[in-house]
Amino acid sequence: MTDAAELRRRAQELLAAQPPATTGRLDFLRARFDAGLAWVHFPQGLGGLDAPRSLQAVVDAELEAGGAPDNDPRRIGIGLGMAAPTILQYGTEEQKQRFLRPLWTGEEVWCQLFSEPGAGSDLAALGTRAVREGDHWVVNGQKVWTSSAHLARWAILIARTDPDVPKHQGITYFVCDMTDPGVEVRPLRQITGEAEFNEVFLTDVRIPDSRRLGGIGDGWRVAQTTLNNERVAIGGMRLPREGGMIGPVSKTWRERPELRTHDLHQRLLKLWVEAEVARLTGERLRQQLVAGQPGPEGAGMKLAFARLNQEISGLEVELRGEEGLLYDDWTMRRPELVDFTGRDAGYRYLRSKGNSIEGGTSEVLLNIVAERVLGLPAEPRTDKDVAWKDLSR
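Being a predicted model, the structure only gives us computed values, none of them experimental.

> Before we go on, may I ask you to explain the overall build of the protein chain in this structure?
Helix and strand counts for the protein chain come out as 11 helices and 8 strands. Its C-alpha atoms give the protein chain a radius of gyration of 22 Å, within 12% of the compact-globule value 21 Å for 393 residues. Principal-axis analysis of the C-alpha atoms places the extent of the protein chain at approximately 70 × 60 × 45 Å. Here the protein chain holds 50 positive side-chain charges and 56 negative ones, and the gap between their average locations is 1 Å.

> What's the story with unusual backbone geometry in this structure? I'm lost.
With glycine set apart, most residues show a phi of negative sign, and most peptide bonds adopt trans. One non-glycine residue with positive phi stands out, namely D72, at about 55°. Relative to the elements of secondary structure, D72 occurs in the loop between α3 (56–65) and α4 (77–90). Look at D72 and you get partly exposed, because its relative accessible area is 28%.

> What is the right way to read the pattern of salt bridges from this model?
One side chain can pair with another of opposite charge once the charged atoms of both are near each other. Counted under the stated rule, the structure contains 39 salt bridges. A salt bridge links R212 to D209, with the shortest nitrogen-to-oxygen separation between them at 2.8 Å. Look at D209 and you get buried, because its relative accessible area is 16%. One connected set of salt bridges, linked through shared partners, spans R256, E258, E316, R320, E323 and R348.

> Teacher, can you tell me more about the packing of aromatic side chains here?
To describe a pair of aromatic rings, you give the distance between the ring centres and the angle between the ring planes. Using the criterion set out here, one finds 10 aromatic pairs in the structure. Seen from their ring centres, F33 and W104 are 6.5 Å apart, and the 45° between their planes marks the pair as tilted. Placement of the pair is F33 in helix α2 (residues 25–34) and W104 in helix α5 (residues 93–105), with a sequence separation of 71 residues. Taking 5.9 Å as the distance between ring centres and 85° as the angle between the ring planes, the aromatic pair formed by F114 and Y173 counts as edge-to-face. You can see F114 sitting in the loop between β1 (110–113) and β2 (129–133) and its partner Y173 sitting in strand β5 (residues 171–177), a full 59 residues away along the chain.

> I keep staring at the pairing of strand β4 (residues 154–160) and nothing clicks. Help me out?
If a strand is regular, its side chains alternate between the two faces of the sheet. The element β4 is extensively covered by neighbouring structure, given that 7 of its 7 residues are classed as buried. Residue alternation in β4 divides its side chains into two sets, W154, I156, I158 and R160 and A155, L157 and A159, and both sets are buried. Relative to β4, β1 is paired through 4 bridges, and the arrangement is parallel. Directly across from C111, in β4, lies its bridge partner A155. One ladder, built from 7 bridges, connects β4 with β5; its direction is antiparallel. Bridge pairing in β5 places R160 opposite I171.

> Help me understand a nonpolar patch on the surface, please; the structure alone is not making it clear to me.
Taken together, the side chains of V373, L374 and L376 make up a nonpolar region of the molecular surface, amounting to roughly 280 Å² of accessible area. Looking at the element boundaries, L376 is found in the segment after α11 (362–373).

> Got a minute to help me understand the environment of F305 in this structure?
Looking at the secondary structure, you find F305 in helix α9 (residues 297–320). Judged by relative accessible area, F305 falls into the buried class, the value being 13%.

> What exactly am I supposed to notice about α3 here?
Turning to α3, its buried residues are Q56, V58, V59 and L63. Take α3 and look down its axis: the buried residues cluster within an arc of 160°, on one side only. Of the residues in α3, the exposed ones pointing more than 90 degrees away from the buried face are E64 and A65.

> How should I be thinking about the packing of α2 against α5 in this particular structure?
The relative placement of two packed helices is expressed as an angle between their axes plus a distance between the axes. Look at α2 against α5: their axes get within 9 Å of each other, and the N-to-C directions meet at 135°. The angle between α2 and α5 places the two elements in the oblique class. α2 and α5 meet at a crossing whose hand is right-handed. Contacts between α2 and α5 involve L26, L29, R30, R32, F33 and D34 from the former and L100, R101, W104 and T105 from the latter.

> Please explain α4 as it appears in this structure.
A rise of 1.5 Å per residue sets the reference length of α4, with its 14 residues, at 20 Å; its end C-alpha atoms lie 19 Å apart and thus fit the reference within 8%. At A83, α4 shows its largest bend, some 40°, and a proline, P85, comes one to four positions later. Taken across its 14 residues, α4 has 11 buried, putting it largely inside the fold. Along α4, the positions that sit buried rather than exposed are I78, G79, L80, G81, M82, A83, A84, P85, T86, I87 and Y90.

> Please explain the pairing of β5 as it appears in this structure.
In terms of burial, β5 is largely enclosed, as 7 of its 7 residues are buried. Residues I171, Y173, V175 and D177 point to one face of β5 and T172, F174 and C176 to the other, with burial holding for every one of them.

> Just to check I follow, could you spell out the state of the cysteines for this structure?
Cysteine pairs can be linked by a disulfide, which is a covalent bond between their two sulfur atoms. For the coordinates displayed, the defined rule picks out 0 disulfides. Its sulfur unpaired, C176 is 7.7 Å from the next cysteine sulfur, which belongs to C111. Exposure remark for C176: the relative accessible area of 0% places this residue in the buried category.

> Looking at this model, I keep getting lost on the nonpolar core. Mind explaining?
The nonpolar side chains of a soluble globular protein tend to be buried with one another. By size, the foremost hydrophobic cluster in this structure holds 35 residues, and its most contacted members are W39, L100, W110, F114, I158 and Y173. Broken down by secondary-structure element, the contributors of at least two residues to this core are α2, α4, α5, β4, β5 and α6 (219–235). In terms of residues, this core owes the most to one element, α4, which gives 7 residues. When near neighbours in sequence (up to four residues on either side) are disregarded, W110 contacts I78, G79, A83, I87, F99, L103, S148, A152, W154, A155, I156 and V175. Within the second largest apolar cluster, 18 residues are counted, among which are C111, L113, A130 and C176.

About the criteria used
- Here, residues in each chain are numbered from 1, in the same order as that chain's written sequence.
- Owing to the predicted nature of the model, reporting of local features is limited to residues with pLDDT of at least 70; listing and counting of side-chain atom pairs is limited to 80 or more, with chain, interface and lining totals taken over all residues.
- As a convention, hydrogens and water are excluded, and side-chain values are obtained from all of the structure's heavy atoms.
- Going along the chain from the N terminus, every DSSP run of H or I of four or more residues is numbered as a helix, and every run of E of two or more is numbered as a strand.
- Within these notes, the globule rule equals 2.2 Å times the number of residues to the 0.38 power, and the radius of gyration is based on C-alpha atoms.
- None of His or the chain ends enter the tally, which takes Lys and Arg as positive and Asp and Glu as negative.
- Where a charge sits is defined by one atom per residue type, namely NZ (Lys), CZ (Arg), CG (Asp) or CD (Glu).
- We call a residue buried when its accessible area falls under 20% of the maximum for its residue type, exposed when it is over 50%, and partly exposed in between, using a 1.4 Å probe and counting protein chains only.
- The rule for a salt bridge is simple: a side-chain nitrogen of Lys or Arg has to be within 4 Å of a carboxyl oxygen of Asp or Glu.
- Here the aromatic set is Phe, Tyr and Trp, taking the six-membered ring for Trp, and pairing holds for ring centres within 6.5 Å; pairs whose planes are under 30 degrees apart are stacked, those over 60 apart are edge-to-face, and all others are tilted.
- Whether two strands pair depends on DSSP finding at least two bridges between them.
- Residues enter patches when they are more than 30% accessible in relative terms and free of salt bridges; like-charged ones are connected within 9 Å and nonpolar ones (Val, Leu, Ile, Met, Phe, Trp, Tyr) within 5 Å.
- We get accessible surface area from the Shrake-Rupley algorithm with a probe of 1.4 Å; when it comes to residues, only the shown protein chains can shield them.
- Starting at the helix axis, one direction is taken to each C-beta atom, and the arc is that of these directions.
- Axis definition: a line fit to C-alpha positions, over the contact stretch in the case of helices; interaxial angles, taken between N-to-C directions, run 0 to 180 degrees.
- Should an angle fall under 35 degrees it is called roughly parallel, over 145 degrees roughly antiparallel, and 65 to 115 degrees roughly perpendicular, with every other angle called oblique.
- Each crossing gets its handedness from the near helix: less than a right angle anticlockwise from the far helix is left-handed, clockwise is right-handed.
- Working rule for contacts: check all heavy atoms of both residues, and any pair within 4.5 Å makes them a contact.
- Take the number of residues in a helix, subtract one, and multiply by 1.5 Å to get its expected span.
- The angle between axes fitted to the seven-residue stretch ending at a residue and the seven-residue stretch beginning at it gives the bend at that residue.
- Cysteine sulfur atoms are paired as a disulfide whenever they come within 2.5 Å of each other.
- Think of a nonpolar core as a cluster: buried Ala, Val, Leu, Ile, Met, Phe, Trp, Tyr and Cys residues, connected wherever their side-chain atoms sit within 4.5 Å.

Worth remembering: the numbers are spatial, not functional.
Pasting the structure below:
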């Protein structure tokens, strides 16, 4: 069993063999992956050492102290948090060897082609079609709200391969090459002025069957792995005390006593406690991951994340008064990463509105918590056993 002492030794050996001060960033990251210190809980040869997930913090701390570069995780969050665990669980050995290393080093950015204009909350109703032609699948359709599509080399894609069965049963999961000539990415400008999201049009995109993840028609089950990991990645991210949205408003409160009122004080205290409870709950959830894949509990963390961000950012705007109504820059940008807490109070307030939509709407997540965590009766679903082609749209 690989223990903490062994991992520290391996990290020190890596630092000695690839001194960060004289080694190129990408060369160091590749060497780290090959040494099994990328994801220590992954199998050997795939960036890991089959070690307990909890020991990743030991490696990270040792390398950070030695001045090692990181892989810019915020820029490649979809690959790290969603694509990688899905590929690890369902990919072939060839797929794992091809995709995991450049994914982790950030050489290849990933995006997620799931939601559609007519299939957002009801994702299983998606209509993008994949038709088999020999050893390839020909894909036609439209996806929407795709973060980082303008930067991505690869995408995780779900498409309908059988319209004659109920909607959850006729979906297959693929890896899509975003450089295919049939892929068109268009920016979607948001209320913040930025266009971190995109809509993606797929026209006769050819995907080799060798880039299918899981079985034909088994895409919904594969997608659940992606979605559960996505919710943990969004709602259960590791934060220090006063990390996230609560940090800027707490800082303003301390530095601007002239803005304080009794009512704002009480509301800030309540939200500070709730943010701390959510942070510690997220830590507990990450510890539970040591035992296996994330489950539906991640939906609860994502719910708390969205609600707290919106309430805290609203309080910050109110605390700042007229200053809170100002907005720094409406210039159209296509950013390389999503920054939930960046820029000014106005940006945080507007950007947080999307938190209850992205990664699963709060309404859908409430159903997941009710049915899969609390065990409450499921809502009636009249379309559950109806073939997708017979559904009204």
